[in-house]
Amino acid sequence: MTLQDNYNSVNNEIKMACERSGRNTDDIVLIAVSKTKPVEMLQQIYDCGCRDFGENKVQELIDKYDRLPKDIRWHMIGHLQTNKVKYLVDKVYMIHSVDSYKLANEISKEAVKKGVTVKVLLEVNVAEEESKFGITSKETLSFYNEVSVLPNIEVCGLMTIAPYVENCEENRQYFVKLHQLNIDIASQKKDNDYRKLLSMGMTGDYQVAIEEGATHVRVGTGIFGTRNYAI
Ligand SMILES: *Cc1c(COP(=O)(O)O)cnc(C)c1O
């Protein structure tokens, strides 16, 4: 299988999941998660038409940003330290991993300084796994209210990293829950500008996530193959 075959087959799975759930493929963004992979591989996927790439390290994202076409939308999907925010705000398309007020406040401050508005998602640890970052489901509404009033930040939706499971059906409950939290936020808002984005689903479970309302799926292994962290 070439990278192009992988990419096409993921897109085909997305199309089928949309058909099963009565959704429109135009409403799903496939983010190619390219962490640890060389720019040559990203360029191949770019040449297939992909414009959304996901990285989890600031330095790696910036290096790739510098070396690849400027119409790429870069998604920061990994845990972000406040001291690295300044390198990122004017390069990243969306930050998926806002999990503390301190981080949100720093993004806001740097965004004001650079005169940009940064799109963010709030990371929710819906499965309440000890090892994962993210706020709890219970905190989500009040956290949204705190962050959404900060200047130069646009809270567009929610993100979760579901547990690693053998059977993707086990994660359906978490996707349902994140979807519900998004509806809760939207229904308490007086204005209607909340975009209700849902970043959920990875190689093992993106079809299920789409059936439950994902607008952004983050697929790494399914496109680029397994990762070797040793290099
Ligand atoms: C690495 C990563 C992914 C992609 O994982 P795969 O299982 O390889 O598809 C998705 N989301 C986040 C936050 C990641 O760190």
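What you see is a predicted model; the values in this text were computed from it and never measured.

Procedures and definitions
Residues numbered from 1 in each chain as written. Predicted model: local features only at pLDDT ≥ 70, side-chain atom pairs only at ≥ 80, totals over all residues. Heavy atoms only, no water. Helix = DSSP H or I, 4+ residues; strand = E, 2+ residues; numbered from the N terminus. Buried < 20%, exposed > 50% of the residue type's maximum accessible area, 1.4 Å probe, protein only. Lys, Arg positive; Asp, Glu negative; His and termini not counted. Charge placed at Lys NZ, Arg CZ, Asp CG, Glu CD. Pairing = 2+ DSSP bridges. Right-handed = clockwise from strand over helix to strand, strands pointing away. Core = buried A, V, L, I, M, F, W, Y, C linked by side-chain atoms within 4.5 Å. Contact = heavy atoms within 4.5 Å. Near = heavy atom within 4 Å. Polar contact = N/O pair within 3.5 Å; in protein donor to acceptor, adjacent residues only side chain to side chain. Areas by Shrake-Rupley, 256 points an atom, 1.4 Å probe, with all protein chains shown as cover. Nonpolar A, V, L, I, M, F, W, Y, C, P; charged D, E, K, R; others polar.

Draft legend 1. Inspection of the overall build of the chain at higher detail. Helix and strand counts for the chain stand at nine helices and eight strands. The dimensions of the chain, computed from C-alpha atoms along their principal axes, are 45 × 40 × 35 Å. Of all 231 residues assigned to the chain, the portion counted as buried reaches 48%. Separation of charge centres in the chain, based on 29 positive and 33 negative side chains, amounts to 5 Å.

Draft legend 2. Quick look at the pairing of strand β3 (residues 73-76). Note that strand β2 (residues 52-55) and β3 share four bridges and pair parallel. If you follow F53 over to β3, its bridge partner there is W74. For the crossover that starts at β2, traverses helix α3 (residues 58-67) and ends in the parallel β3, the hand is right-handed. Taken together, the two bridges between β3 and strand β4 (residues 94-98) define a ladder with parallel strand orientation. Paired with H75 across the strands is M94, a residue of β4.

Draft legend 3. Up close: the pairing of β4. Here β4 lies mainly inside the structure; five of its five residues are buried. Strand direction decides the pairing type here: β4 and strand β5 (residues 118-123), joined by three bridges, are parallel. What sits directly across from V98, in β5, is L122. A crossover links β4 with its parallel partner β5, the connecting element being helix α5 (residues 101-114), and its sense is right-handed.

Draft legend 4. Main features of the nonpolar core. F53, I95 and I107 are the most contacted members of the largest nonpolar core, which totals 68 residues. Non-local contacts of F53, meaning those with residues more than four positions away in its chain, are made with I31, A32, S34, L42, I45, Y46, I72, R73, W74, H75 and F224. Among the nonpolar cores identified, the runner-up in size contains five residues, and M94, L121, C156 and L197 belong to it.

Draft legend 5. Representation of the site of the ligand in the model. In the neighbourhood of the ligand, the contacting residues comprise V33, K35, I77, I161, M202, T203, R218, V219, G220, T221 and R227. Take R218: an N or O atom from its side chain is 2.8 Å from a nitrogen atom of the ligand. One of the side-chain nitrogen or oxygen atoms of T221 is found 2.5 Å away from an oxygen atom of the ligand. Considering the ligand on its own, with 390 Å² of exposed area, one finds that the protein chains cover 89% of that surface. Of the residues assigned to the shell around the ligand, the class counts are five nonpolar, three polar and three charged.

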